[in-house]
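Chain by chain, the residues run as shown.
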Amino acid sequence: MDINNTSFVVPAKFHRVAVTNAADRGLDMWGNCGFAVQIKHLTLDETLAEGIVSAITADRIIIVCKDSEEKIILSLLNQIGWKSKIQSIITRSDLEIWYEKALRGSFSHLLSTKLLNILVEEIECEFPSSNNTDFNDFMVERMYNNIKDSFWK
Amino acid sequence: MNLIEAKAALDKVIKKARVHLYKPIQVAEILHRDRIHQDIDLSILDTYRTKSKKWRDIICLKFLGRSSTSSARYQDDLFNKNAIPPEALILLGDENRKKSGVVEAYIYRKFITRYSQMTAGLQYCHEAGVENFNLGTFFDLFDKTPGLKRSIDKVFEIVVYSLFQVLVEELDVSIQVSLNLEKTEILK
């Protein structure tokens, strides 16, 4: 961008950050339109919630959680005075309804196949089921297949 | 510590591990090195603490296409007293050498089992197809399988990402970035 090019338009993109671990406090996903997503499958208590929310400088946070945790989380956020920072809370049920809509709703012809394809691609990428033949060769090569032991079964 | 306790320590690490089983694979490769190359001393952590990450990564890259990205501190937790300290490795190493790699084989069999459980999630996507895929059922596959439960956060991430991604693509969402024309003087 310079004096001759004062604006530009780019397609919105949504990215997953390379594999991180639950122990990290890292970013999981980000969009080039200015949002960041962290997935925390943790049971929130006051300290943990405060730690996570205060570590994020963003002022509009969306929390995805289990239905049963929604009330607890809301009450915790109220207690620590962070509720105004939370834009919304999405529960597992919300996700289930949205998936239902995308897969079998009025616009399923546009969304359903793509959605399921992306889901499959991401599972394969996250949990690559290594080539079974390769792994079998490895087991044979190291002679693990011949080992039988009742204590180590 | 005796062998039963050492095995219990190993089982605990396997149980706690996420689907990729990085830490148990590291143990298997330390034991393999000790059995075949005999160039480490299991009682001296420094002879294998750092090098074992490389041995583990060779296996992980080959079969998983990736290696651990966790912090060095998290990775070194493996050798803590409440995980698999050298005294446990000494016992596992003796047993492993005596029985031609029995502990290595045990760990890799556990790895295969964990992976085949993961395949169930993938299989469900293929079999259910767009007509029958139900997100609740999909979540349950992970929630109700002990070995997969620890990876449920990854599943949540994938589910959220897939939905956002398809919507952003299908809606042709774009972003316009522009500056205030009255302030272009600043750039001169």
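On to the domain arrangement of chain B, then. Residues and elements named next belong to chain B. What the domain assignment reports for chain B is domain 1 (3-112) and domain 2 (115-170). One C-alpha centre belongs to domain 1, the other to domain 2, and the line joining them spans 30 Å. Contacts between the two partners involve four residues from domain 1, matched on the other side by six residues from domain 2. Residues that form the side of domain 1 that touches domain 2 fall into these classes: three nonpolar, no polar and one charged.

What follows covers the sheet that holds strand β2 (residues 14-16) of chain A. Picture the strands of a sheet paired through backbone hydrogen bonds; they go either parallel or antiparallel. All names here are of chain A. As summarised here, the arrangement of the three strands in space is β2-β3-β4, forming an open sheet in which the pairing is antiparallel. One side of each edge strand has no neighbouring strand; the edge strands of this open sheet are β2 and β4 (35-37). For this sheet, the mean inter-axis angle between neighbouring strands, taken without regard to orientation, is 15°. By the bridge criterion, three bridges tie β2 to strand β3 (residues 29-31) in an arrangement that is antiparallel. Each bridged residue has a counterpart across the sheet, and for histidine 15 the counterpart in β3 is tryptophan 30.

A:Leu115, B:Ile84, B:Leu92 and B:Ile107 are the most contacted members of the largest nonpolar core, which has 59 residues in total. If you count residues domain by domain, this core takes at least three from each of domain 1 (3-112) and domain 2 (115-170) of chain B. Contact partners of B:Leu92, with chain neighbours within four places excluded, come to B:Ala6, B:Leu10, B:Leu31 and B:Val103.

Calculation rules
Residues numbered from 1 in each chain as written. Chains lettered and ligands numbered in written order. Predicted model: local features only at pLDDT ≥ 70, side-chain atom pairs only at ≥ 80, totals over all residues. Domains from an automatic or database assignment. Contact = placed C-beta atoms within 7 Å. Nonpolar A, V, L, I, M, F, W, Y, C, P; charged D, E, K, R; others polar. Pairing = 2+ DSSP bridges. Helix = DSSP H or I, 4+ residues; strand = E, 2+ residues; numbered from the N terminus. Axes fitted to C-alpha atoms, helices over the stretch in contact; angles between N-to-C directions. Core = buried A, V, L, I, M, F, W, Y, C linked by C-beta atoms within 7 Å. Buried ≥ 20, exposed ≤ 12 C-beta atoms within 10 Å, placed from the backbone.

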